[in-house]
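Structural overview
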Amino acid sequence: MDRVTTTDRRTALRAGAGLVAGGALAAGCATTGPAAAPAAPARAPAPAAAKATPLTAPAPRAFPRQPAQITHGPRDRPRIALTFHGQGDPKIATALLAEAEKHGARVTVLAVGTWLDTHPGMARRILDGGHDLGNHTQRHIAVNTLSETDALAEITACADRLKRLTGSIGTWFRPSRAPAASPLVQRLAHRVGYPHVLSYDVDSLDFTEPGAPAITRKVLAEVRDGSVVSMHFGYAGTVAALPAVLQELDRRGLRAVTTTELLS
């Protein structure tokens with residue numbers, strides 16, 4: 001009786017193994033056969049934080065009512081443009097952008113080419129925040145003092161980096177180490193593709209590191225409807241001053257917008 005039972009069990013196990021193997025073979029054939037292909041697994045949804053960004057950034061545009069070198073916008077609208085020379089510690093730059101965005105402000109960043117080479121992700125960070133991005137020469141040297149060939153190379157090199165990173169040469173050009181472009185640099189910028197050179201009528205002097213209260217006082221004492229304010233990335237005092245500047249602008253009914261919006 002025990003022998004029969006053992007034999008029966010072994011037979012049953014062999015038969016069961018055969019069924020499993022046969023099923024596996026059948027399933028293997030079904031994956032390649034046209035009639036019984038299993039449904040493809042559903043793709044996992046994209047992370048909620050991921051969002052599409054435009055492949056090409058806004059290009060320069062001409063403003064027919066504005067001069068070739070712009071120092072301020074229309075004086076009959078309650079808007080101002082905060083513009084930043086783009087270089088320095090990217091952590092400070094990111095903190096400044098976040099502070100502006102928290103207050104609903106949009107700014108204009110004139111980036112130095114070597115800074116973009118070292119921190120290429122900052123170009124997209126600026127654009128994704130809704131800010132303007134432009135050209136502040138490749139090496140941030142005194143562009144007005146250079147020969148025509150060298151000055152053109154400075155403007156073109158930064159434009160090339162911007163185009164490689166964003167698909168556009170940027171919306172604005174501002175000369176480095178000077179409040180305004182010389183006639184030669186102005187012509188060269190136009191040749192590269194910038195209809196206007198962006199200057200300013202309010203200098204925060206934040207690069208002298210006078211401290212946040214002094215930066216705040218300087219900007220708020222001089223800013224008016226249509227003002228273009230010059231400030232800088234890379235200085236902690238600028239980040240510290242920004243909340244008070246933006247709060248007072250709000251109190252006065254002045255909106256901080258991109259330079260493109262200021263002139264539109």
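1. Here's the deal with the pairing of strand S2 (residues 79-86)
Counting buried residues in S2 gives seven out of eight residues, a clear majority hidden from the surface. For S2 and strand S8 (residues 255-257), the ladder comprises three bridges, and the chain directions are parallel. Looking at S8, one finds that Ile80 is bridged to Ala256. Strand direction decides the pairing type here: S2 and strand S7 (residues 228-232), joined by five bridges, are parallel. When the bridges of S7 are listed, Thr83 appears paired with Ser230. As paired strands, S2 and strand S3 (residues 108-111) are joined by four bridges and run parallel to one another. The residue bridging Gly86 from the neighbouring strand is Ala111, located in S3. For the crossover from S2 across helix H2 (residues 90-102) to S3, the handedness is right-handed.

2. Considering the packing of aromatic side chains
Tallying each qualifying case throughout the model produces four aromatic pairs. Centre to centre, the rings of Phe173 and Tyr194 are 6.0 Å apart; their planes meet at 40 degrees, and the pair counts as tilted. One end of the pair, Phe173, is in the loop between helix H5 (148-166) and helix H6 (183-192); the other, Tyr194, is in the loop between H6 and strand S5 (197-198), and 21 residues separate them in sequence. The structure contains a cluster of three or more aromatic residues connected by ring pairs, namely Phe84, Trp115 and Phe233.

3. Observations concerning the confidence of the model for the chain
Here the chain shows a mean pLDDT of 85. Residues at 70 or above account for 79%. Within the model, the stretch residues 1-54 combines pLDDT values under 50 with eight contacts to residues more than four positions away or in other chains.

4. Digging into the nonpolar core
The biggest cluster of nonpolar side chains holds 52 residues, and the ones touching the most others in it are Leu82, Trp115, Leu133, Tyr194, Phe233 and Leu249. The leading source of residues in this core is helix H8 (residues 236-252), at six residues. Excluding anything up to four places from it in sequence, Leu249 contacts Ile80, Leu220, Val223 and Leu254. Within the second largest apolar cluster, eleven residues are counted, among which are Ala81, Leu110, Val228 and Leu262.

About the criteria used
Residues numbered from 1 in each chain as written. Predicted model: local features only at pLDDT ≥ 70, side-chain atom pairs only at ≥ 80, totals over all residues. Heavy atoms only, no water. Buried < 20%, exposed > 50% of the residue type's maximum accessible area, 1.4 Å probe, protein only. Helix = DSSP H or I, 4+ residues; strand = E, 2+ residues; numbered from the N terminus. Pairing = 2+ DSSP bridges. Right-handed = clockwise from strand over helix to strand, strands pointing away. Phe/Tyr/Trp six-rings, centres within 6.5 Å; stacked < 30°, edge-to-face > 60°. pLDDT = per-residue confidence, 0-100. Contact = heavy atoms within 4.5 Å. Core = buried A, V, L, I, M, F, W, Y, C linked by side-chain atoms within 4.5 Å.

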